[in-house]
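Inside the fold
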Amino acid sequence: MLAGCHTMRFEIAHVPAASEPIRQTRNYYLNGWFPTNLVDVSGICPEGVARIDESTTFANAAFLIFTLTIYSPRTSYFYCRLPAPAPVSP
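Here is a short report on the structure shown in this document. Keep in mind it's a predicted model, so treat the numbers as computed, not measured.

Inspection of the secondary structure puts Ser 42 in helix H1 (residues 41-44). Here Ser 42 falls in the exposed class, since its relative accessible area comes to 52%. A distance of 2.7 Å separates the side chain of Ser 42 from the side chain of Asp 40, its partner in a polar contact.

Moving on to the state of the cysteines. The full count for this structure, using the stated rule, is one disulfide. There is a disulfide in this structure between Cys 45 and Cys 80, and the S-S distance comes to 2.0 Å. Taking the sign of the S-S torsion, -70° for the link of Cys 45 and Cys 80, the bridge is left-handed. Remark: Cys 80 occurs in strand S4 (residues 74-80) and Cys 45 occurs in the loop between H1 and strand S3 (49-56); sequence separation between them is 35 residues.

Another point: the pattern of salt bridges. Considering all chains together, one arrives at two salt bridges under this definition. When the shortest N-O distance is used, the salt bridge between Asp 53 and Arg 9 registers 3.2 Å. Residue Asp 53 is located in strand S3, and its partner Arg 9 is located in strand S1 (residues 6-11); the two are separated by 44 residues in the primary sequence. Given the relative accessible area of 6%, Asp 53 is considered buried. For Asp 53, the salt bridge identified is with Arg 51, shortest N-O distance 3.2 Å. Through salt bridges with shared partners, one network takes in Arg 9, Arg 51 and Asp 53.

What counts and what doesn't
Position numbers for residues count from 1 along each chain, tracking the sequence in the order it is written. Thresholds applied to this predicted model are a pLDDT of at least 70 for local features of residues and 80 or more for the giving and counting of side-chain atom pairs; totals over whole chains, interfaces and linings are not thresholded and use all residues. Hydrogens are left out, water is left out, and the side-chain values use all remaining heavy atoms of the structure. Note on conventions: DSSP H or I runs of at least 4 residues are helices, E runs of at least 2 residues are strands, and numbering of each starts at the N terminus. Think of it in three bands: residues with accessible area under 20% of the maximum for their type are buried, residues over 50% are exposed, and the middle band is partly exposed, with areas taken using a 1.4 Å probe on protein chains only. Under this definition, polar contacts are N or O atom pairs within 3.5 Å; protein pairs additionally need one hydrogen-donor-capable and one acceptor-capable atom, and for neighbouring residues in sequence, both atoms have to be side-chain atoms. Our working definition of a disulfide is a cysteine sulfur pair at a distance within 2.5 Å. Between Lys or Arg on one side and Asp or Glu on the other, a salt bridge is scored when a side-chain nitrogen of the former is within 4 Å of a carboxyl oxygen of the latter.

Written out as structure tokens, the structure is:
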């Protein structure tokens, strides 16, 4: 109850995106202040990313409370752009 669950959504582009995200969990410490993580999105989504959701799930919040905010994992969901349709020849 103290940590709560939340989700942040970043709309990168208004293009068709995959319906199933690529899920990654990152480890942070001291309530998410350390370390700063750089993410190579082109390695995750070769066609580019359309949307990123980052959330603190119930399990993430449980770790946060149990460790008194020392360990605070967060879960990211990457929605990749769908490949552009092939051009139609006349």
